[in-house]
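Each chain, letter by letter, is given below.
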Amino acid sequence: MTVTDAARESVTSGLEQDKKDGHLSVSHLNPPPSYDLADHPVPTGREEIWRFTPLKRLRGILDGEASDASLTWDTTLPDGVTLSTISQAEAREIGELAPNDRPSALAAELSGGARLIDVPAEAEITEPIFIRLHGESVDDLVWSQLVLRVGKFAKATVVLMHTGSARYSATTSVLVGDGATVNVVSLQDWDDDAVHLGRDSILVGRDAEVKHTAITFGGDVVRLNANVEYAAPGGSAELLGLYFADEGQHLEHRLFADHNQPKTKSNVLYKGALQGEKAHTVWIGNVLIRKVAEGIETYEENRNLVLTDGCQADSVPNLEIETGEIEGAGHASATARFDDEQLFYLRSRGVSEKEARRLVLHGFFNDLIRKVGVPSLEEQLTATVEDELARNVLRAGQ
Amino acid sequence: MSTLEIKDLQVSVSTDDGPKEILKGVTLTIKDNETHAIMGPNGSGKSTLAYSIAGHPKYDITGGTVTLDGEDVLAMSVDERARAGLFLAMQYPVEVPGVSVANFLRTAKTAIDGEAPKLRTWVKDVNAAMGQLNLDPTFSQRNVNEGFSGGEKKRHEIAQLELLNPKVAILDETDSGLDIDALKIVSEGVNRYREQEGKGVLLITHYTRILRYIEPDFVHVFVDGKIADQGGPELAEALEANGYDRYIKANAAPA
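About the cut-offs
- Residues numbered from 1 in each chain as written.
- Chains lettered and ligands numbered in written order.
- Predicted model: local features only at pLDDT ≥ 70, side-chain atom pairs only at ≥ 80, totals over all residues.
- Heavy atoms only, no water.
- Helix = DSSP H or I, 4+ residues; strand = E, 2+ residues; numbered from the N terminus.
- Rg over C-alpha atoms; globule rule 2.2 N^0.38 Å.
- Buried < 20%, exposed > 50% of the residue type's maximum accessible area, 1.4 Å probe, protein only.
- Contact = heavy atoms within 4.5 Å.
- Areas by Shrake-Rupley, 256 points an atom, 1.4 Å probe, with all protein chains shown as cover.
- Lys, Arg positive; Asp, Glu negative; His and termini not counted.
- Charge placed at Lys NZ, Arg CZ, Asp CG, Glu CD.
- Buried area = accessible area lost by both parts, 1.4 Å probe.
- Salt bridge = Lys/Arg side-chain N within 4 Å of Asp/Glu carboxyl O.
- Nonpolar A, V, L, I, M, F, W, Y, C, P; charged D, E, K, R; others polar.
- Domains from an automatic or database assignment.
- Polar contact = N/O pair within 3.5 Å; in protein donor to acceptor, adjacent residues only side chain to side chain.
- Axes fitted to C-alpha atoms, helices over the stretch in contact; angles between N-to-C directions.
- Left-handed = near helix turned anticlockwise from the far one by under 90°.
- 1 Å grid on protein atoms, 1.4 Å probe; cavity = no way out; pocket = protein on both sides within 12 Å on 5 of 7 lines; lining within 4 Å.
- Points joined across faces, edges and corners; volume = space filled by probe spheres on them.
- Pairing = 2+ DSSP bridges.
- Core = buried A, V, L, I, M, F, W, Y, C linked by side-chain atoms within 4.5 Å.

## Side note on the overall build of chain B
Stage number 1. Each helix and strand counted, chain B has 8 helices and 12 strands in total.
Stage number 2. Since a compact globule built from 255 residues should have a radius of gyration of about 18 Å, the 18 Å found for chain B is in line with a globular shape.
Stage number 3. Put simply, chain B has 255 residues, and 52% of those count as buried.
Stage number 4. Counting only contacts in chain B whose residues sit at least 6 apart along the sequence, the fraction spanning at least 24 positions is 70%.
Stage number 5. Surface summary for chain B: the accessible area is close to 11,400 Å², and the carbon and sulfur share equals 48%.

Structure (C-alpha cells):
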C-alpha cells in the first residue's frame, strides 16, 4: 500500500466515523470521546493535551488503580431537586457525555456508579444547589462520576465546592434541556497537597443558556477541562474562570467549545494571577467551528497578571474553523505585570503602593466575580482573593 | 500657607542612546494664593516638570531641589508627595479596570486624610462635586477612566482636585481636548479651588484659551527645558498674538 492510499483510507474511515457520530469532522486538538481505556493510553507528556501537565506530580492517578474511597458529600438541595445514585450503565443511557481523556475515562470506569442531580423540567430553582465535597487526605484516591440533568425550560444554579485533600479524578456531565438556564460554579479551594483532575462536559439544548465558572485557588496540581457541545441550534455558553496560583502550584484550565450546531454561541473569559517561585498556570482555549456550524459566534479571552518573579503563565488560544459563514470568532490573550502607570496614577492620589496594588488586583478580578452571578459567593470570593494577596504581594511592599 | 519652591531642577530620561536631558535648570516659586501658568511649545519639557514634581519613576532628577513648605519633596515617594499636599491633574488619566470611581475616591480621601471620611457628609460631598462638574450621579459607579470621554476624564480630574483639596495643584494640559462648554465647567472647578485661602496652582498649557477663564498671576514661557521668559498675564496676550516663534528662534541661535 502506498502512502497516498493509506492517507486516503484514513480520510475515508475518518469521514465514516464522523457520519456515524452525526459529526462532519473531528478536532485536530481534542481526541474523540471514548469509554475505551485503550483509546486513552498512559501519556508520555509529549501529547498535545498533556504537554503542559507535570505528570510526575499526579501521584499515580493515571495508573488507574481501583479505589472505593470517596469525598464526603454535604449538599443543600432546594425543593424540587433530587440527588440519587445510578449505575454507570444508567449514566450512559441518560446521555452522559463520554470521557475525552484518560483521567475521565478512568473515573467513568472505576467510579462504581454515578451521582445524579436532577432538576425537573420547568422547575425554577431560585436558591443555589450547593454540593460541598471534602477530602480527608491525599492518600485517598477518589474516582467520581456526576451527572447534572436540568430539564426543559428549568432554571438552576449549582455550586460545587472542593476542600481538604485527595487524589481526585472526576467526570461530570451537565445535560441542559431545551430553553433551560443553568449556572454551574466549581470552586477548588483544596489544601496544598491535593491533586484534582476534572472534566466537566456540557451539552447545551436548543436555545438554552449555560454559564460555567471554574474558580481555582488551592491544590498542588489542578487540571480541569470544561467542554461545551450543542444538542441543537440556538444554545449559548459562557465559560468563566478565575485562578490564583501561589508558589509551586500548577493550575491548568482547558476549554473546548465544540460548535457542532448552527447559530450557537460561546464566550470564554478566564483571568488569573500568579505569585511566588514556580507558580505555573496553563490556559488552553480550544474552539472548533464545524462545517455545519453556520451563523455561530465565539469569543475567548485569557488575562494573566504576574505578580512576582519566577512564575510562568502559559496561554494558548486555538481556533479551528471549517466554515466561514459565521457571525464572529475571535480570541485575546494577555499576560502582564502590574501596570506602572496604573500604580502611579493611584499613588499620585496619596494611595500607598501596597493599597494601590490591592486595588488594581481587586479591580482585575472584580468584573469576573460580578459575572459569576451567585450573590452569596461574591463576598467570599472577594475575601479569598484578598487573602491570597496578603500572602505575598502585600507583604513585600516593594 | 503653602510654598512650592523649585530650584535649578534638572531632569533626564533614559533612552536607547543613553540619558537625555529634558529639564535644564528650572527655578520657580509658587506662593500662597498664586496661580502660575507655564506655556510652551510641544516638547519643551512642560509635562516633564509636572511629572517630575509628582515623582513619576520614568524621570531621573539629576540636579536641583523641590520643596513644599520647606520639606524635601524629592526625598518623598509618590504617595507621600500627594499626602504632603501636592496634586497632579493628568493630561492622560489612566484607566483602572474594575475599580469604581466611588471606591477610588474614598480610598484616595482616606489615604490623604489618614482616616476614612464620614460616610454621610462624604456621599454628599461627592455628589456635590460631581454635580458642579456636570457629571451624572451614576458616574461614581463607573470604573475609573474606563470608557470616559476626553471631557469626562478631565472633569473627573477636577472633581478629585476639589474633593482631595491639596495645597498645590499642578494641572497638566487640563484644557486639551475640551470643547468650550467643558472648558468653562473645568475652569469654574479650578477657580472654586483657588478661591480658598492659601492654595497654589501651576497650570501647564499650550494655548492661551484657558487663561481667559483661569487668570494667572504669573506667566512663564518654557522653551527647551528652561524658562525663556516670564511676566504677568500680559505675556500670555503677547503669546496669543505672536506665538512661540520668537523664543524658539532665539533658542536655536548659537550661544
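From this point, the discussion proceeds with the structure in view.
## A short note on the overall build of chain A
Stage number 1. Within chain A one finds 7 helices and 16 strands.
Stage number 2. Here chain A has a C-alpha radius of gyration of 21 Å; the compact-globule value for 398 residues is 21 Å, and the two agree.
Stage number 3. C-alpha extents for chain A along the principal axes are approximately 70 × 50 × 40 Å.
Stage number 4. Each of the 398 residues in chain A was classed as buried or not, and the buried ones make up 56%.
Stage number 5. Within chain A, one finds 38 positive and 63 negative side-chain charges whose respective centroids are separated by 4 Å.

## Details of the interface of chain B and chain A
Stage number 1. With 34 residues of chain B in contact, the opposing surface of chain A contributes 20 residues.
Stage number 2. Summed over both sides, the interface between chain B and chain A buries roughly 2,000 Å², with carbon and sulfur atoms accounting for 64% of that surface.
Stage number 3. In this assembly, chain B and chain A are joined by 2 salt bridges.
Stage number 4. Between R347 of chain A and D79 of chain B there is a salt bridge; the shortest N-O distance is 2.7 Å.
Stage number 5. Of all the secondary-structure elements, those providing two or more residues to the side of chain B that touches chain A are α1 (46-54), α2 (78-84), β6 (86-89), β7 (96-100), α3 (101-113), β8 (143-144) and α5 (150-164) of chain B.
Stage number 6. Considering every element that reaches the side of chain B that touches chain A, the biggest residue donor is α3 of chain B, with 6 residues.
Stage number 7. Counted by class, the side of chain B that touches chain A contains 20 nonpolar, 10 polar and 4 charged residues.

## Some points on the domain arrangement of chain A
All names here are of chain A.
Stage number 1. We note that the domain assignment places domain 1 (25-337) and domain 2 (339-398) within chain A.
Stage number 2. A separation of 27 Å is found between the C-alpha centroids of domain 1 and domain 2.
Stage number 3. Taken together, the contact between domain 1 and domain 2 spans 31 residues of the former and 22 residues of the latter.
Stage number 4. Buried area between domain 1 and domain 2, both sides added, is near 2,200 Å², and the carbon and sulfur share of it is 70%.
Stage number 5. Ranking the residues of domain 1 by area buried against domain 2 places F217, L242 and K271 at the top, with a combined share of 24%.
Stage number 6. Where domain 1 meets domain 2, there are 1 salt bridge.
Stage number 7. The tally of links from domain 1 across to domain 2 stands at 6 residue pairs in polar contact (both at pLDDT 80 or more).

## As for the packing of α3 of chain B against α5 of chain B
All names here are of chain B.
Stage number 1. Between α3 and α5, whose axes approach to 10 Å, the crossing angle comes to 35°. Here α3 runs over α5; the crossing is right-handed. Along the contact surface, α3 presents V101, F104, L105, A108, K109 and I112, while α5 presents H156, Q160, L163 and L164.
Stage number 2. The residue makeup of the contact of α3 with α5, split by class, is 7 nonpolar, 2 polar and 1 charged.

## A word on empty space enclosed by the protein
All names here are of chain A.
Stage number 1. This structure, assessed with the given rule, holds 4 cavities of 30 Å³ or more.
Stage number 2. Taken together, 24 residues make up the lining of the largest cavity; nearest its centre are H162, T172, S186, H196 and D200.
Stage number 3. Counting only elements with at least two residues in the lining of the largest cavity, the list comes to β4 (129-150), β5 (155-176), β6 (181-190), β7 (195-204), β8 (209-216), β9 (221-230) and β11 (250-259).
Stage number 4. Among the elements that make up the lining of the largest cavity, the one with the highest residue count is β5 (5 residues).
Stage number 5. Across the lining of the largest cavity, the residue classes tally to 11 nonpolar, 10 polar and 3 charged.
Stage number 6. Here the second largest cavity defines a volume of roughly 110 Å³.

## Side note on the sheet that holds strand β5 (residues 71-72) of chain B
Residues and elements named next belong to chain B.
Stage number 1. Here 4 strands make up an open sheet; going across it, the order is β2-β1-β4-β5 and the pairing antiparallel. Strands with a single pairing partner mark the edges of an open sheet, and in this sheet they are β2 (18-30) and β5.
Stage number 2. Across 10 bridges, strand β1 (residues 4-15) lies against β2 in antiparallel orientation. Within β2, the residue paired with L9 across the bridge is V26.

## Description of the nonpolar core
Stage number 1. Counting residues in each nonpolar core, the largest one holds 110 residues, and the members touching the most others are L361 and F365 of chain A together with L49 and L171 of chain B.
Stage number 2. Considering each element in turn, this core owes the most residues, 9 residues, to helix α5 (residues 353-372) of chain A.
Stage number 3. Apart from the residues lying within four places of it in its own chain, the contact partners of L361 of chain A are F244, A273, L305, L307, F338, V385 and L389 of chain A.
Stage number 4. Core analysis: the next-biggest nonpolar cluster, separate from the first, contains 50 residues, I131, I202, A237 and V306 of chain A among them.

## Let's talk about the pairing of β8 of chain A
Residue and element names in this part refer to chain A.
Stage number 1. For β8, the buried fraction is high: 7 of the 8 residues fall into the buried class.
Stage number 2. With 8 bridges joining them, β6 and β8 adopt parallel strand pairing. Looking at the pairing, L187 lines up with I215 of β8.
Stage number 3. Across 8 bridges, β8 lies against strand β10 (residues 236-245) in parallel orientation. Paired with K211 across the two strands is E238, which belongs to β10.

## Quick look at the layout of surface pockets
Stage number 1. What the largest pocket holds in volume is close to 420 Å³.
Stage number 2. Forming the boundary of the largest pocket are 24 residues, of which K271, E301, R303 and F364 of chain A together with P97 of chain B lie nearest the centre.
Stage number 3. Those elements that place two or more of their residues in the lining of the largest pocket are β10, β12 (265-274), β14 (297-306), β16 (328-336) and α5 of chain A.
Stage number 4. Looking at which element gives the most residues to the lining of the largest pocket, the answer is β14 of chain A, with 5 residues.
Stage number 5. Partitioned by chemical class, the residues of the lining of the largest pocket number 12 nonpolar, 4 polar and 8 charged.

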